[in-house]
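Structural overview for review
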Amino acid sequence: QVQLVESGGGLVQFGGSLRLSCAASGSMFSIYVMGWYRQAPGEQRELVARISSGGIVYYADSVKGRFTISRNNVNNMVYLQMNSLKPEDTAVYYCNIYPAGSHSWGQGTQVIVSS
């Protein structure tokens, strides 16, 4: 299994930016489609963006044009650049393989956007 550690969250004002990082362990990292997910209080976890091993990306409509996912297969890292943040982006953000299935989750990183 791939072990995952997210970082980079914090408190930011409406319209601000954050860059989330995900450090993954495991020699098979480069073959996985990787995703960023988020879970807001009282809500189900949802996929925000995903990126294939070759760099093909997908974004949820709610973040399209504001978020950018990227990866570095040499350093086993996945990133999420978040711009023009809105209060509705407030959530705990997780990275994981896609689809996550029964793969274990990291601790996530909290993002709070104040209005």
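In short, a report on the structure. (Residues numbered from 1 in each chain as written. Predicted model: local features only at pLDDT ≥ 70, side-chain atom pairs only at ≥ 80, totals over all residues. Heavy atoms only, no water.)

This part is about the state of the cysteines. According to the stated counting rule, one finds 1 disulfide in the structure shown. Put simply, Cys22 and Cys95 are joined by a disulfide, and their sulfur atoms are 1.8 Å apart. The sign of the 50 degrees torsion about the S-S bond sets the Cys22-Cys95 disulfide as right-handed. One end of the pair, Cys22, is in strand 3 (residues 18–24); the other, Cys95, is in strand 9 (residues 91–97), with 73 residues separating them in the sequence. (Disulfide = S-S within 2.5 Å. Helix = DSSP H or I, 4+ residues; strand = E, 2+ residues; numbered from the N terminus.)

Let us now look at the nonpolar core. By size, the foremost hydrophobic cluster in this structure holds 28 residues, and its most contacted members are Trp36, Phe67, Ile69, Leu80, Met82 and Tyr93. Only strand 3, strand 4 (34–39), strand 5 (46–51), strand 7 (67–72), strand 8 (77–82), strand 9 and strand 10 (109–114) provide two or more residues apiece to this core. Excluding anything up to four places from it in sequence, Ile69 contacts Met34, Trp36, Ala49, Arg50, Ile51, Val57, Tyr59, Val78, Tyr79 and Leu80. (Core = buried A, V, L, I, M, F, W, Y, C linked by side-chain atoms within 4.5 Å. Buried < 20%, exposed > 50% of the residue type's maximum accessible area, 1.4 Å probe, protein only. Contact = heavy atoms within 4.5 Å.)

With that settled, the discussion passes to the packing of aromatic side chains. Taken as a whole and judged by the stated rule, the model has 2 aromatic pairs. Summarising the aromatic geometry, the rings of Tyr94 and Trp105 are spaced 5.7 Å apart at their centres and angled 80 degrees between planes, so their arrangement reads as edge-to-face. Here the residue Tyr94 occupies a position in strand 9, and Trp105 occupies one in the loop between strand 9 and strand 10, the gap between them amounting to 11 residues. Under the relative-accessibility criterion, Tyr94 is labelled buried at 11%. Members of the aromatic cluster, connected to one another through ring pairs, are Tyr37, Tyr94 and Trp105. In this arrangement the basic side chain of Arg71 is found over the ring face of Phe29, its NZ or CZ atom lying 4.7 Å from the centre. (Phe/Tyr/Trp six-rings, centres within 6.5 Å; stacked < 30°, edge-to-face > 60°. Lys NZ or Arg CZ within 6 Å of the ring centre and 35° of its normal.)

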